[in-house]
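# Remarks on the overall topology
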Amino acid sequence: VVALSVASVSAMFLAGCSSDSGSGGGSGNIAFIQGVSGDEFYISMQCGIEAAAKDAGVTVDTQGPVKFDPTLQKPIVDSVVASRPSAILIAPTDVAAMQAPLAAASKAGIKVVLVDTTLEDPSIAVSSISSDNKGGGAEAFNAIERLSPAGGKVLVISTDPGVSTADARVAGFEEAVGANPAFDYLGVQYSHNDPAEAARLVSAALAKDPDITGIFAANTFAAEGTATGVRQAGKQDQVKIVGFDAGPAQVKQLREGTVQALIAQQPDTIGTDGVAQAMAAINDQPVTADISTGFHVITADNIDGEGAQYVYKS
Ligand code: T6T
């Protein structure tokens, strides 16, 4: 009998990875702690991690909190640290709240690799690997600019402040929108990673400013809810939506024409790079402190071609 904490989900099943991935049987064990379980971004990352771990001959145990919430992720970190893995790959859910638990992991001799999100002081980690989140946020504005060259009111729907990735995306977007006086920036609103809340925020924003021309949604759940809110308001022909991430539901919304562009990450590459850095650290080999895995823009024009490879697994 396997006991599961109500606050976490232990991913003992294999995600829908295309390659033959799984846990290796060599020496060493790695823990992967997701930002939240059931998120296609982290499922895709898990695929990369499992494939790389198998090649390296180490086992992987994957767990994630049921919500993207440091009060739920911290106890998982504490119990993983107590089990003394060789390395922890983790997407910290908050730059400040996860600092002390991960500093404790590092102090206990566990190699910490930050995958996706980071910390206020990432020096406790041997390596930090993430997309170019600030650049992706700026590119999201460029896409809105191309879709609505006349300008207008634009809004950002994010997750929560303190999520390093989403904060960097918003910063990149804000810098870009500030440089074009044709656009009137309405600011950022936080959906707490809940699509229903994102939809509610968008409905209220459209009731207040019925002439909004563009919305940038800073991650999967914000984007899914933003598209729902715009569709429910019947404004899909007026409001251009650019969303970060490329989960299957987001791609469906792109194909339906509710969403115009997706800024896709490469979570599987973040995962494989994460294992490589962890193995280097475990074996006292040189590590790379910071790795950027970029981003790719998916539109209706490339989703059946070059863009298809960037769609996340579920
Ligand atoms: O956007 C990704 C990830 O990069 C971010 O840190 C949290 O949200 C996602 O997992 C998408 O839901």
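The text that follows walks through the structure, step by step, so that each part is easy to find. The model shown is predicted, which means the values in this text are computed figures rather than measured ones.

### Comments concerning the overall build of the protein chain
Tallying secondary structure elements over the protein chain gives 9 helices and 13 strands in all. Taking 314 residues into account, the globule formula puts the C-alpha radius of gyration at 20 Å, and the protein chain, at 19 Å, falls close to it. With respect to the three principal axes, the spread of C-alpha positions in the protein chain is 60 × 40 × 40 Å. For the protein chain, the residues scored as buried account for 56% of the 314 residues in total.

### Considering the pairing of strand β5 (residues 111–115)
The buried fraction of β5 is high, at 4 of 5 residues. Two elements, strand β4 (residues 87–90) and β5, share 4 bridges in a ladder whose sense is parallel. Following the sheet pairing, I90 is matched in β5 by L114. Where β5 and strand β6 (residues 127–130) come together, 3 bridges link them in parallel fashion.

### As for the packing of helix α2 (residues 70–82) against helix α3 (residues 99–107)
Packing of α2 against α3 brings their axes to within 10 Å, and their N-to-C directions diverge by 10°. One finds that α2 runs roughly parallel with respect to α3. Taking contact as the criterion, the partners of K74, V77, D78 and V81 in α2 are, on α3, P101, L102 and A105.

### Regarding the sheet that holds strand β7 (residues 152–158)
Taken in spatial order, the 6 strands make up an open sheet running β8-β7-β9-β10-β11-β13, and their pairing is mixed. Both outer strands of the open sheet, β8 (183–190) and β13 (296–299), are each paired with one neighbouring strand and no more. Strand after strand, the sheet turns through a mean of 20° between neighbouring axes, direction not considered. When β7 meets strand β9 (residues 212–217), the two strands line up parallel, connected through 5 bridges. Across the sheet, residue V156 finds its bridge partner in β9, namely F216.

### Brief notes about the site of the ligand
Taken together, 13 residues surround the ligand, and among them D39, D116, T165, R169 and D245 come closest. At 2.7 Å, a side-chain N or O of D39 approaches an oxygen atom of the ligand. Between an oxygen atom of the ligand and a side-chain N or O atom of D245, the distance comes to 2.6 Å. Protein chains bury 98% of the 300 Å² of accessible surface belonging to the ligand in isolation. Elements with a minimum of two residues in the shell around the ligand: α1 (40–56), α5 (164–178) and α7 (220–232).

Cut-offs and rules
- Residues numbered from 1 in each chain as written.
- Predicted model: local features only at pLDDT ≥ 70, side-chain atom pairs only at ≥ 80, totals over all residues.
- Heavy atoms only, no water.
- Helix = DSSP H or I, 4+ residues; strand = E, 2+ residues; numbered from the N terminus.
- Rg over C-alpha atoms; globule rule 2.2 N^0.38 Å.
- Buried < 20%, exposed > 50% of the residue type's maximum accessible area, 1.4 Å probe, protein only.
- Pairing = 2+ DSSP bridges.
- Axes fitted to C-alpha atoms, helices over the stretch in contact; angles between N-to-C directions.
- Parallel < 35°, antiparallel > 145°, perpendicular 65-115°, else oblique.
- Contact = heavy atoms within 4.5 Å.
- Near = heavy atom within 4 Å.
- Polar contact = N/O pair within 3.5 Å; in protein donor to acceptor, adjacent residues only side chain to side chain.
- Areas by Shrake-Rupley, 256 points an atom, 1.4 Å probe, with all protein chains shown as cover.

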